[in-house]
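The lines below spell out each chain.
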Number of protein chains: 2
Amino acid sequence: MATIGVLGAGQLGRMLALAGVPLGHRFVFVDPSEGSPAAAVGEQLTCAYTDRVGLEQLARADVVTYEFESVPLEAAEALAPRVALYPPPEALRIAQDRLLEKTCFRELAIRTAEFEAVSSREELERAVEQIGFPCVLKTRRMGYDGKGQSVLRTRGDLGLAWDTVRREPSILESFVPFERELSVLAVRSRTGETAFYPVVENHHAEGILRKTVSPAPHLTEALQRGAESYATRLMDRLGYVGVLALELFELGGGLVANEFAPRVHNSGHFSIEGSHTSQFENHLRAILGLPLGATGALSPSVMLNLVGDLPSVEAVLAIPDAHLHLYGKTPRPARKIGHVTVRAARSEELAARVTRLEGVLAATQK
Amino acid sequence: MATIGVLGAGQLGRMLALAGVPLGHRFVFVDPSEGSPAAAVGEQLTCAYTDRVGLEQLARADVVTYEFESVPLEAAEALAPRVALYPPPEALRIAQDRLLEKTCFRELAIRTAEFEAVSSREELERAVEQIGFPCVLKTRRMGYDGKGQSVLRTRGDLGLAWDTVRREPSILESFVPFERELSVLAVRSRTGETAFYPVVENHHAEGILRKTVSPAPHLTEALQRGAESYATRLMDRLGYVGVLALELFELGGGLVANEFAPRVHNSGHFSIEGSHTSQFENHLRAILGLPLGATGALSPSVMLNLVGDLPSVEAVLAIPDAHLHLYGKTPRPARKIGHVTVRAARSEELAARVTRLEGVLAATQK
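Everything in this summary refers to the structure shown in the same document. (Residues numbered from 1 in each chain as written. Chains lettered and ligands numbered in written order. Predicted model: local features only at pLDDT ≥ 70, side-chain atom pairs only at ≥ 80, totals over all residues. Heavy atoms only, no water.)

1. Here we look at the interface of chain A and chain B
Step number 1: Between chain A and chain B, the contact holds 31 residues from the first and 31 residues from the second.
Step number 2: Taken together, chain A and chain B are joined by 10 residue pairs in polar contact (both at pLDDT 80 or more).
Step number 3: Contributions of two or more residues to the side of chain A that touches chain B are made by helix 1 (11–20), helix 10 (279–288), helix 11 (313–317) and strand 16 (322–326) of chain A.
Step number 4: Looking at which element gives the most residues to the side of chain A that touches chain B, the answer is strand 16 of chain A, with five residues.
Step number 5: Class assignment of the residues belonging to the side of chain A that touches chain B gives a composition of 18 nonpolar, seven polar and six charged. (Contact = heavy atoms within 4.5 Å. Polar contact = N/O pair within 3.5 Å; in protein donor to acceptor, adjacent residues only side chain to side chain. Helix = DSSP H or I, 4+ residues; strand = E, 2+ residues; numbered from the N terminus. Nonpolar A, V, L, I, M, F, W, Y, C, P; charged D, E, K, R; others polar.)

2. Description of the nonpolar core
Step number 1: If you look at the biggest cluster of nonpolar residues, it comprises 72 residues, and the most contacted ones within it are I4(A), F27(A), I4(B) and F27(B).
Step number 2: Ignoring any residue separated from it by four or fewer positions in sequence, one finds F27(B) in contact with I4(B), V6(B), L16(B), A17(B), G20(B), V21(B), G42(B), E43(B) and L284(B). (Core = buried A, V, L, I, M, F, W, Y, C linked by side-chain atoms within 4.5 Å. Buried < 20%, exposed > 50% of the residue type's maximum accessible area, 1.4 Å probe, protein only.)

3. Brief notes about the side chain of H339(A)
Residue and element names in this part refer to chain A.
Step number 1: Within the element layout of this structure, H339 appears in strand 17 (residues 336–343).
Step number 2: Of the polar contacts made by the side chain of H339, one reaches the side chain of Y327; its length is 2.6 Å.
Step number 3: Discounting residues that sit within four places of it in the chain, H339 has contacts with M15, H269, I272, M303, L304, N305, L306, H323, L324, H325 and Y327.

4. Section: the pattern of salt bridges
Step number 1: One pass over the full model with this rule turns up 50 salt bridges over all chains.
Step number 2: Where R93(A) meets E90(A), a salt bridge forms, and the shortest distance between an N and an O atom there is 3.0 Å. With R93(A) and E90(A) both in helix 4 (residues 89–95) and three residues apart, the pair spans about one turn of that helix.
Step number 3: E90(A) gets classed as partly exposed once you look at its relative accessible area, which sits at 28%.
Step number 4: Across the pair E228(B) and R225(B) runs a salt bridge whose closest N-O atoms are separated by 3.1 Å. Linking E228(B) with R225(B), this pair stays in helix 8 (residues 221–238), spanning three residues, or about one helical turn.
Step number 5: In the salt-bridge network here, residues are joined through shared partners; they are R346(A), E348(A), E349(A) and R353(A). (Salt bridge = Lys/Arg side-chain N within 4 Å of Asp/Glu carboxyl O.)

5. Remarks on the sheet that holds strand 7 (residues 149–152) of chain A
Sheet strands pair via backbone hydrogen bonds, and the direction of the pair is either parallel or antiparallel.
Residues and elements named next belong to chain A.
Step number 1: Strand order in the open sheet formed by four strands is 5-8-6-7, and the pairing between neighbours is antiparallel. Lying at the two open borders of the sheet, with one neighbouring strand each, are strand 5 (115–118) and strand 7. Here the average twist between neighbouring strands, direction ignored, is 20°.
Step number 2: Note that strand 6 (residues 135–139) and strand 8 (residues 170–174) share five bridges and pair antiparallel. (Pairing = 2+ DSSP bridges. Axes fitted to C-alpha atoms, helices over the stretch in contact; angles between N-to-C directions.)

6. Examining the packing of helix 1 of chain A against helix 10 of chain A
Packed helices, taken two at a time, are described by the angle their axes make and the gap between the axes.
Residues and elements named next belong to chain A.
Step number 1: One way to put it is that helix 1 packs onto helix 10 with a least axis distance of 8 Å and a crossing angle of 75°. The orientation of helix 1 relative to helix 10 falls into the category roughly perpendicular. Counted together, L12, M15, L16, A19 and G20 of helix 1 and F280, E281, H283 and L284 of helix 10 form the full contact between these two elements.
Step number 2: Grouping the constituent residues of the contact of helix 1 with helix 10 by class yields six nonpolar, two polar and one charged. (Parallel < 35°, antiparallel > 145°, perpendicular 65-115°, else oblique.)

7. Some points on the relation of the copies chain A and chain B
Two chain copies, one operation linking them: a rotation about an axis together with a shift along it.
Step number 1: Overlaying chain A on chain B yields an RMSD of 0.0 Å, the required transformation being a rotation through 180° with an accompanying axial translation of 0.0 Å. The symmetry that links the two subunits is that of a two-fold axis. Rotation axis and chain A: the residue whose C-alpha lies nearest the axis is V41(A), separated from it by 2.4 Å.
Step number 2: Most of the interface of chain A is mirrored in chain B: 100% of its interface residues are interface residues there too. (Least-squares fit on C-alpha atoms with pLDDT ≥ 70 in both.)

See below:
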């Protein structure tokens, strides 16, 4: 079967391989951190993403993908002419730069926050006048899990905000007074076949995803269609192949796009147990040009991230239909070291299980 | 987390590791065949099961188990005083010898075929007179997938039958004119907690399992309770820890025990997608003393083995809710190289998917 090369060997790579080994494939990961989570289920080449020898080995794979979007663009661009590489580097280029991303949304008539590019203190002043308070200043590049961003409520916040983004090229966005955070996972195969998972509801704390509810409560046909329409426009524009995650705000019954990730995504982890086909398997089917698997909800489910410390494994596993996923990472504050998905056919039962699980996690999670 | 040592690195070991890696565990396999299926998801020590260095390494694991019952008993017995080893060697000793196994059934009042020990041509003659035709001669040891057994219908069959068992110590059993073949998967944790999967219906051809239907059609409460009662008696007698598979015949509405396997079992593969918790995860939970996972049917499902050649992967994956499992083995006639489980909530839909899958497999399976 196929050898699948992956830039990055974190938990997403690990879960890709756990989905791909049963399909008969083998995995080669490139990652600079020794003993990364994916090394348990494939071969890890421990080197820089741009290392010539590492790229040489990946170029010999049948297909190459990446599992986090901060992979240096030049690594993807060096590989693309030599080996089938999905998602396309263009998706990476745009996702790595918030200004390009928001501009792309705007061009595709995907509703998003107002925004202005900011590359100096003077531009920040002008952008604030344009957009008004409250607003959010974010670095254009390399921000994730709430890092490199600052909310501005008054003119007095400008100095600190400009320091928080380390005076780097940034983007000022209007603050979206959203009712809730949602996301949609979309997938497109090399053959052009597309599929969408039900829209899910996400809960963040300190900029880190803590909880995903699948399907999103009170999900309407209009919301689902709206999210699919946005994702389709993006995938068409990017010539996309693979799983794409689009993070959304719900506002006044409509959808506002926040950002997209050109990869499998934390808010899609529920799909391992909660869908007929996991996002990991569907990403692999897509990049291999195989028929996509069904994306409907198998059961209502809730995913809770394990952040910081390990909870009592015994207490977690004592909860009916709770599914533990540990990534083999050393616990440390604010670090995602695993997740748990609970399922139940009836919503009261699911709520009771989630409450119990949250109680177990409360003892150790920070 | 734990290091889990496994005697054997075939597909059962591979699926154990695919279930155990997400729980944070690592796996060390001992197997004489280089590049065995489980090597993709753990470390393989390629040596004889009784190799001193291999056993030394396994003895340093947190817990040791085995994935096929033809592991030399002395390997298990050498390890048992040094490391937690489950299931207990006593289970292996009895399962490896059809005479001990049938005697054990009889002692536990588990209904089974009539049987007589046979260690010479003369004893065979006497046993045939005792049991009558039709009857089945089987070697006491090392028979599986229909090897080393012969059906006798007339006195004229004695000579060939005695040659078929290579004149080795054997057992003559009355032929059970069963209505269908069933099995039950039971699991008992180190803590004493037990759980049972719904009884499944199995279909064999040429002595090889081809199809498992879960739950068994027309499964009555009485059949389920009967199977659980047999399995409980066995587990109590053996001081059992882990998953145990008990193969049964249905005869006149009652159950006749055929044999048991002290390990995860081919007829339990449906549980990966068809149950709330797979047999592989529950075996690991059991030997680690963790709470057992729910064993109820998540959805009706049918498992088909891939025997011989690889089918069209594309055609298999195009079937809704079909789940492909390849073992990384080189195809050859009569070799199990993978399986496919299909699910559907409604029975007509499931039947349609199975028919479609059987059509896909018919092109390549022998």
